[in-house]
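# Examination of the molecular architecture
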Amino acid sequence: MMKVACLLLVSVVLGSVVATDAAAVGWKPIKNIKDPHVAEIANYAVTEHDRRSGQKLKLQKVVKGDTQVVAGINYRLILAATDASSTRNYEAIVWEKAWLHFRNLTSFTSLFD
Ligand SMILES: *[C@@H]1O[C@H](CO)[C@@H](O)[C@H](O)[C@H]1NC(C)=O
């Protein structure tokens, strides 16, 4: 009986460790990729990237994305964008604190070559 209780305790503890790890990462897929707010975040990401880099990427579409709650929301979007020569996918991370009207592009990277 003690052994069973002990095993149960161990699995509960292990289970909560795993659950805590998942919560710390906490990225959830965006279900409606066509949401106008997602489009707005994507447009902001490409415009801000262009402003900072001097590139002239144009957003084609949002391919997919995830969000993470962190004193606001992190959006991790996979975007297709076109420069003078080609269309590629990029990963953009935008941190938004909507109630403060704060938004920042924290990362923008090309996914291929
Ligand atoms: C926005 O993100 C960039 C890149 O991480 C950072 O250098 C910059 O300080 C941030 N700006 C603000 C206002 O948080």
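Residues numbered from 1 in each chain as written. Predicted model: local features only at pLDDT ≥ 70, side-chain atom pairs only at ≥ 80, totals over all residues. Heavy atoms only, no water.

As annotated in an unreviewed UniProt entry, the chain carries the name Cysteine proteinase inhibitor 5 and comes from Cajanus cajan.

Strands sit in the order β1-β2-β3-β4-β5 across an open sheet of 5 strands; the sheet is antiparallel. The strands lining the two open edges of the sheet, one partner per strand, are β1 (28–29) and β5 (102–110). As defined by bridge partners, β1 adjoins strand β2 (residues 58–69) across 2 bridges and the pair is classed as antiparallel. For Pro 29, the partnering residue across the bridge sits in β2 and is Asp 66. Relative to β5, helix α2 (residues 36–53) is tilted by about 70°, and along the sheet it contacts β2, β3 (73–82), β4 (87–97) and β5. (Pairing = 2+ DSSP bridges. Helix = DSSP H or I, 4+ residues; strand = E, 2+ residues; numbered from the N terminus. Contact = heavy atoms within 4.5 Å. Axes fitted to C-alpha atoms, helices over the stretch in contact; angles between N-to-C directions.)

A few words now on the pattern of salt bridges. Considering all chains together, one arrives at 5 salt bridges under this definition. Note that Arg 103 and Glu 40 form a salt bridge whose closest N and O atoms lie 2.8 Å from each other. Linking Arg 103 in strand β5 with Glu 40 in helix α2, this pair joins segments that are 63 residues apart in sequence. Look at Arg 103 and you get partly exposed, because its relative accessible area is 25%. Glu 48 is paired through a salt bridge with Arg 51; the nearest N and O atoms lie 2.7 Å apart. Separated by 3 residues within a single helix, Glu 48 and Arg 51 lie in helix α2, roughly one turn from each other. Exposure remark for Arg 51: the relative accessible area of 61% places this residue in the exposed category. The network of salt bridges with common partners includes Glu 40, Glu 96 and Arg 103. (Salt bridge = Lys/Arg side-chain N within 4 Å of Asp/Glu carboxyl O. Buried < 20%, exposed > 50% of the residue type's maximum accessible area, 1.4 Å probe, protein only.)

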